[in-house]
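Fold and geometry: a report
The lines below spell out each chain.
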Amino acid sequence: MKFIKQSIRYLEKYYEIRIDEWDWNPNEVSKESKDLLKWADIILCEWMEYYTPWYSNNVSKKQKLFIRAHKYEITLDYGKQINYDNVCGVITINYFLLEIFSNVFKIPREKMFFLNNIVETSIYENIKNPDYRKHIALVGYAPSYKGYQRALEILNQLKDIDNFKLYLFGKDFTQMHWKNDENEIAYFKNCDEYTSSHGLNDIIVKKNWVERHGMFSDIGYVLSLSDIEGSHLSPTEAFADSTVSLLLKWPGIEYIYPEEIIFNDITDIVTFIKDTYNTDDYMKIASKLKDYCIREFGEDYFVNGLRDIFSNKSNVSSKTYTSFKNAEFENSFIADDEDEIADIIKSNTSRKIQIILSENFKNHEIKNIYSKYASQNVLIYSKYFYENIGDAEKFIELCNRYYGSNIILH
């Protein structure tokens, strides 16, 4: 529930909500779950997990079933067991994952929605302690794909510039289920050796778990250095607390974050920190990112977006999905701006059309266009995505490597 729990108190202004947290027991469905299903008008399955096939086969025609998918569910088989005829919508957390979920599980595109995760922007104190701009942070630094080694290399370069420190939030890998994995043990052993040999021990601060509202008071830069992520919410949460986040490019990142804070290598991240930490530019950047967070991840954005999805009248059973390998578009139009989208829709009211967004649209803003215009008869695609299918293939390759899955793109 960690990604949606904070939204409940805002959604309760509009809905009566009951929560059914399942325990893993695939051979038996509890009486409570069956009773709650009878009670509900709308069912939202958080994660495309083991319970979703049951709901998809047991909802009535008077009910609405929605499934919210994140990232790792793409590595599971439950998406292949769902009866999508009884699903009103699958909600992904960004456009990149919308394309992948739709493709891998052959989900009708008319039933695909996306909505950024919620950031409870109102809880952050925006109080900064002295020297905070000299402190960089990783929020979650295990397992190895989170890029802890890269953070150490960044710290090693920054320590010669000023009194920088690295803050680590979250569990050590020895507290996680990867703790017995030989590759993980070797990776973190190398990290410990690097830390010692470069004299970094005294400038690394391990914070473990802290309350969100004050966790960034000592932090100037939150880093995202992962090989793979679904959306990586902590950099966005940092925005809400007037903190700058810097992200190393991973597959799909440009559909979530502004390109100005996405980097191709750690040297560029070091240069950015060096050029901004002691200047007025820092506050300008932090203010811009805070506004972005409120607008694109805040409470109002999430609640209103979810309400719009819930009110969607579409309950089609069409099997429209797109093959990446042999993408074919019929009745398709390329649009360069919103006015052109509106004109295309207005001129083609009697048939299903496909609108392909040109590179004029910023990738992290595609969600707004999709949410505004996509419907049963208007299918929205990104030209950039289909010209960079290698990113989707790389994402799948990393999923198969880290999760032991065997995903195939069509």
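Since the structure is predicted, the reported quantities are computational estimates derived from the model, not experimental observations.

This brings us to the sheet that holds strand 6 (residues 165-169). Pairing is parallel across the open sheet formed by 6 strands, whose spatial order is 7-6-5-8-9-10. Lying at the two open borders of the sheet, with one neighbouring strand each, are strand 7 (204-208) and strand 10 (262-263). Pairing of strand 8 (residues 221-224) with strand 9 (residues 244-248) involves 4 bridges; the strand directions are parallel. Considered in strand 9, the bridge of Ser224 is made with Leu247. Its contacts with the sheet place helix 6 (residues 148-158) against strand 5 (135-139), strand 6, strand 7, strand 8 and strand 9, and it is angled at close to 160° to strand 6. Lying on the sheet, helix 9 (residues 266-276) is in contact with strand 5, strand 8, strand 9 and strand 10; it crosses strand 9 at an angle near 160°.

Let's shift gears to the packing of helix 5 (residues 95-105) against helix 15 (residues 389-403). Closest axis-to-axis distance for the helix 5/helix 15 pair is 11 Å, and the angle between their directions is 75°. In terms of axis orientation, helix 5 runs roughly perpendicular to helix 15. Contacts between helix 5 and helix 15 involve Phe96, Leu97 and Ile100 from the former and Asp391, Ala392, Phe395 and Ile396 from the latter. Its residues placed into classes, the contact of helix 5 with helix 15 shows 6 nonpolar, no polar and 1 charged.

Following the sequence through the fold, Thr349 ends up in the loop between helix 12 (338-347) and strand 12 (353-357). Note on Thr349: relative accessible area 67%, which makes it exposed. A C-alpha to C-alpha distance of 34 Å links Thr349 and Asp391, two positions 42 residues apart in sequence.

Our next topic: the sheet that holds strand 12. Read from one edge of the open sheet, 3 strands run 11-12-13, paired in parallel fashion. Whereas interior strands pair on both sides, the edge strands pair on one side only; in this sheet they are strand 11 (332-335) and strand 13 (378-382). Taken pair by pair, the neighbouring strands of this sheet meet at an average axis angle of 25°, ignoring direction. Pairing analysis gives 5 bridges linking strand 12 to strand 13, with the strands arranged parallel. Following the sheet pairing, Gln354 is matched in strand 13 by Leu379. Lying over the sheet, helix 13 (residues 366-373) contacts strand 12 and strand 13, oriented at roughly 170° with respect to strand 13.

As a further point, take the pattern of salt bridges. Enumeration according to the criterion identifies 20 salt bridges in this entry. Note that Asp172 and Lys206 form a salt bridge whose closest N and O atoms lie 3.7 Å from each other. Residue Asp172 is located in the loop between strand 6 and helix 7 (182-197), and its partner Lys206 is located in strand 7; the two are separated by 34 residues in the primary sequence. Connected through salt bridges with shared partners, the residues Arg9, Glu120 and Arg212 form a single ionic network.

Along the chain, Ser217 turns up in the loop between strand 7 and strand 8. At 3.1 Å, the side chain of Ser217 forms a polar contact with the backbone oxygen of Gly214. Beyond its immediate sequence surroundings of up to four residues, Ser217 is in contact with Ile127, Lys128, Asn129, Tyr132 and Asp241.

Between helix 6 and helix 9, whose axes approach to 10 Å, the crossing angle comes to 45°. On the basis of the axis angle, helix 6 is oblique to helix 9. Handedness of the helix 6/helix 9 crossing: right-handed. Together, Arg150, Glu153, Ile154, Gln157 and Leu158 of helix 6 and Ile266, Ile269, Val270 and Ile273 of helix 9 make up the contact between the two elements.

Right, let's get into helix 7. Within an α-helix, residues lying three or four positions from one another point in the same direction, as the helix has 3.6 residues per turn. A rise of 1.5 Å per residue sets the reference length of helix 7, with its 16 residues, at 22 Å; its end C-alpha atoms lie 22 Å apart and thus fit the reference within 8%. Along helix 7, the positions that sit buried rather than exposed are Glu184, Phe188, Cys191, Tyr194 and Thr195. In a view along the axis of helix 7, the buried residues occupy a sector of 110°, so they form one face of it. In helix 7, those exposed residues whose orientation departs by more than 90 degrees from the buried face are Glu182, Lys189 and Ser197. Looking at the packing, one finds that the buried side of helix 7 touches helix 6 and strand 7. Remark: Gly199 follows helix 7 within two positions and exhibits a positive phi of approximately 65°.

Scoring rules and cut-offs
Residue indices follow the written sequence of each chain, beginning from 1 at its first position. The predicted origin of the model limits local features to residues at a pLDDT of at least 70 and limits the giving and counting of side-chain atom pairs to 80 or more, whereas totals for whole chains, interfaces and linings rest on all residues. As a rule here, side-chain values come from all non-hydrogen atoms in the structure, and water together with hydrogens is ignored. We treat two strands as partners when DSSP finds at least two bridges between them. Per the convention used, a helix needs a DSSP run of H or I reaching at least four residues, while a strand needs a run of E reaching at least two, with both numbered from the N terminus. We call two residues contacting when some pair of their heavy atoms lies within 4.5 Å. Axis definition: a line fitted to C-alpha atoms, limited for helices to the stretch in contact. Angles are taken between N-to-C directions and run from 0 to 180 degrees. Between 65 and 115 degrees an angle is taken as roughly perpendicular, under 35 as roughly parallel, over 145 as roughly antiparallel, and anywhere else as oblique. Residue polarity follows a fixed list, in which Ala, Val, Leu, Ile, Met, Phe, Trp, Tyr, Cys and Pro are nonpolar, Asp, Glu, Lys and Arg are charged, and the others, Gly among them, are polar. Exposure categories follow from relative accessible area, calculated using a 1.4 Å probe and restricted to protein chains: below 20% of the type maximum is buried, above 50% is exposed, and the middle band is partly exposed. Salt bridge, as applied in this entry: a Lys or Arg side-chain nitrogen positioned within 4 Å of an Asp or Glu carboxyl oxygen. Polar contacts, as counted here, are pairs of nitrogen or oxygen atoms within 3.5 Å of one another; within protein the pair requires one atom able to donate a hydrogen and one able to accept it, and residues that are adjacent in sequence qualify only if both atoms are side-chain atoms. By the definition used in this description, the sense in which the near helix is turned from the far one sets the handedness, with an anticlockwise turn below a right angle giving left-handed and a clockwise turn giving right-handed. One less than the residue count of a helix, multiplied by 1.5 Å, gives the span that helix is expected to have. The directions from the helix axis to the C-beta atoms are what the arc is built from.

Without other data, these values stay purely geometric and don't point to any function.
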